[in-house]
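# Observations on chain architecture
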Amino acid sequence: MLATGAARSLTAHVSLNGEKTGTIYGNFAYYEKKVDRVKVLLKSAELTIDTETFGKMDPYAVVCLGDQKFETKVQEEAGKTPKFNEEFEFVLRSDDETLIFTLLEKDTTSSD
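The structure contained in this document is the topic of the report that follows. Worth saying up front: this structure is predicted, and the values here are computed from it rather than measured.

### Quick word on the overall build of the protein chain
Of the regular secondary structure elements, the protein chain holds zero helices and seven strands. The N-to-C order of helical and strand elements in the protein chain reads β-β-β-β-β-β-β. Taken over 112 residues, the protein chain has a buried fraction of 34%. Intrachain contacts of the protein chain at a sequence separation of at least 6 include 51% that bridge at least 24 residues. When the accessible area of the protein chain is evaluated, it comes to approximately 7,200 Å², of which 48% is carbon and sulfur surface.

Quick look at the structure:
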């Protein structure tokens, strides 16, 4: 477990059907006075595929830890390089919880 207040870089690979399609960048750190909490700063993503035929993608991210779930704002017309710069605070309930990132594209003509 990290020392309280220690920040670490976060890099996660994005895949679609088992093929790497991008990377997510961010930071995470435990609070100094709240050892049962972790904060995650989701900075940006770099994708190698574009799901839009016309225009640019409107990506957003969903970040989950256990049953806790947060969504970023939709990055309108951000295409393959969205900049999120959003921070979320999670409560740690056990040492074996997994932080899960899901990148989605807001599509006004169908469900995401």
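### Section: the nonpolar core
By size, the foremost hydrophobic cluster in this structure holds 17 residues, and its most contacted members are Ile24, Leu42, Val63, Phe90 and Phe101. Elements represented by at least two residues in this core include exactly strand E1 (7-16), strand E3 (37-47), strand E4 (59-65) and strand E6 (83-91).

### Observations concerning unusual backbone geometry
We note that Glu77 has phi near 55 degrees; this positive angle belongs to a residue other than glycine. When you line up the elements, Glu77 lands in the loop between strand E5 (68-71) and E6. At Asn85, a residue that is not glycine, the phi angle is positive and equals roughly 45 degrees. Secondary-structure assignment places Asn85 in strand E6.

### Looking at the packing of aromatic side chains
A full pass over the atoms with the stated rule returns two aromatic pairs. An angle of 25 degrees between the planes, with centres 5.2 Å apart, marks the rings of Phe70 and Phe88 as stacked. Linking Phe70 in strand E5 with Phe88 in strand E6, this pair joins segments that are 18 residues apart in sequence. Where Phe70 meets Phe90, the ring centres are 5.0 Å apart and the plane angle is 80 degrees; that geometry is what we call edge-to-face. Residue Phe70 is located in strand E5, and its partner Phe90 is located in strand E6; the two are separated by 20 residues in the primary sequence. Of the residues examined, Phe70 reaches a relative accessible area of 29% and is grouped as partly exposed. Residue Phe90 is classed as buried on the basis of its relative accessible area, which comes to 0%. Here a set of aromatic residues connected by ring pairs shows up, and it is made of Phe70, Phe88 and Phe90.

Cut-offs and rules
Residues numbered from 1 in each chain as written. Predicted model: local features only at pLDDT ≥ 70, side-chain atom pairs only at ≥ 80, totals over all residues. Heavy atoms only, no water. Helix = DSSP H or I, 4+ residues; strand = E, 2+ residues; numbered from the N terminus. Buried < 20%, exposed > 50% of the residue type's maximum accessible area, 1.4 Å probe, protein only. Contact = heavy atoms within 4.5 Å. Areas by Shrake-Rupley, 256 points an atom, 1.4 Å probe, with all protein chains shown as cover. Core = buried A, V, L, I, M, F, W, Y, C linked by side-chain atoms within 4.5 Å. Phe/Tyr/Trp six-rings, centres within 6.5 Å; stacked < 30°, edge-to-face > 60°.

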